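Spelled out, the chains give:
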Amino acid sequence: MSWRPSGDSRSSAPSPLASGPDGGPPVLDPALQGLIIAAFVVGLVGLGLMAAFGGALGTAQTGTAPTTAAAVAPTTAAAAAAPTATTAAAAAPTTAAAGVVTAPFGPALATGTGTSLSLSTDPAQLVFDQPALTVKSGLVNLTYTNGATAVQHNLVLVNGDTTVAEAVNTAAAAQVTRQTGGAGSVPPATTPNLLLGMQMLNPGEKATITFQTPPPGTYTFFCTFPGHFIAGMEGTLTVTP
Ligand SMILES: [Cu+2]
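So, here is what we can say about the structure in this document.

1. Points about the overall build of the protein chain
In terms of regular secondary structure, the protein chain is built from four helices and eight strands. Along its sequence from the N terminus, the protein chain presents helices and strands in the succession α-α-α-β-β-β-β-α-β-β-β-β. Of the contacts made within the protein chain by residues no fewer than 6 positions apart, 70% connect residues no fewer than 24 positions apart.

As structure tokens, then:
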């Protein structure tokens, strides 16, 4: 048992026994046994390395999956963020447009072909080109033109006189902070005594409004652009039987 004192058999066993045989045939050549042990150790180490490497590969593959998932997750998040940003970007104009009146409105609004009526504004002064209109009761197709060169105008028809118009104009002025740009100051469609309202027209712009006249009588129309009604931009609509 002296030939195998410990695990350090490769350095001690071969030198004394392999070089100086004492006559008796060795049961097993210590050198060969050392080689076998060495091969066994190498094999174990190899297996250990393979196991470790395989584990590392498994870990690497396992790590690849999360890496892929992590890559997908941000991509998905980015993809989800993109539409959100797009939606937000699209929502901004939509919200702005929603606060700005872009079409005629009011309980008198109607459709069909009726009596043609035209109205415009002075090119420079804050007045209508006609201070008074007269129309037969019924359906009316009003063509309204902003004849100004630099300011916006609109047209609002109310069931009442100047005092009623002033109240509706105040309701319109309250909308300036809610609506954006120069298209503000349009009264809500639900404003009391409002018969017909419309969006702001830019200089030179024209719009055709079809409405059903109220019962025969005298009504007031005016412009709700800030300051225009106060400046005298109003007129009367007389409805005849
Ligand atoms: Cu005006």
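The rest of the description comes next.
2. Digging into the sheet that holds strand β6 (residues 206-212)
Pairing in this open sheet of three strands is mixed, and the strands run β1-β3-β6 from one edge to the other. Every interior strand has two partners, whereas the edge strands, β1 (115-120) and β6, have only one. Shown here is a sheet whose adjacent strand axes are inclined to one another by a mean of 25 degrees, direction ignored.

3. As for the sheet that holds strand β4 (residues 156-158)
Pairing between the strands of a sheet comes from backbone hydrogen bonds, and it takes one of two forms, parallel or antiparallel. The sheet built from five strands is open, its strands ordered β2-β8-β7-β4-β5 with mixed pairing. Every other strand in the sheet has two partners, leaving β2 (132-136) and β5 (194-196) as the edge strands with one partner each. In this sheet, neighbouring strand axes are inclined to one another by 35 degrees on average, regardless of whether the strands run parallel or antiparallel. Strand direction decides the pairing type here: β4 and β5, joined by two bridges, are antiparallel. When the sheet's bridge partners are listed, Val158 is paired in β5 with Leu194. Across the sheet, helix α4 (residues 162-173) is in contact with β4, β5, β7 (217-222) and β8 (234-240); its angle to β7 comes to roughly 35 degrees.

4. Digging into the nonpolar core
Counting 32 residues, the largest nonpolar core has Val156, Leu157 and Val158 as its most contacted members. If you list the elements that add at least two residues to this core, you get β3 (139-145), β4, α4, β5, β6 and β7. Residue contributions to this core peak at four residues, all from α4.

5. Some points on unusual backbone geometry
If you check the backbone angles, Asn193 has positive phi at about 70 degrees while not being a glycine. Relative to the elements of secondary structure, Asn193 occurs in the loop between α4 and β5. The exposure class assigned to Asn193 is partly exposed, which follows from the 17 C-beta atoms found within 10 Å.

Parameters and conventions
- Think of each chain on its own: its residues are numbered from 1, step by step along the sequence as written.
- Where totals are concerned, whole chains, interfaces and linings use all residues; where local detail is concerned, this predicted model gives features only for residues with pLDDT of at least 70, and gives and counts side-chain atom pairs only at 80 or more.
- Each helix corresponds to a stretch of at least 4 residues labelled H or I by DSSP, and each strand to a stretch of at least 2 residues labelled E; elements are numbered beginning at the N terminus.
- Contact definition: two residues whose C-beta atoms, as placed from backbone geometry, lie within 7 Å.
- Here a strand pair is declared whenever DSSP counts at least two bridges between the two strands.
- Axis definition: a line fitted to C-alpha atoms, limited for helices to the stretch in contact. Angles are taken between N-to-C directions and run from 0 to 180 degrees.
- Among buried residues, those of type Ala, Val, Leu, Ile, Met, Phe, Trp, Tyr and Cys that are joined through C-beta atoms within 7 Å form a set called a nonpolar core.
- Here a residue counts as buried when 20 or more other C-beta atoms fall within 10 Å of its C-beta, as exposed when 12 or fewer do, and as partly exposed in between; the C-beta atoms come from the backbone.

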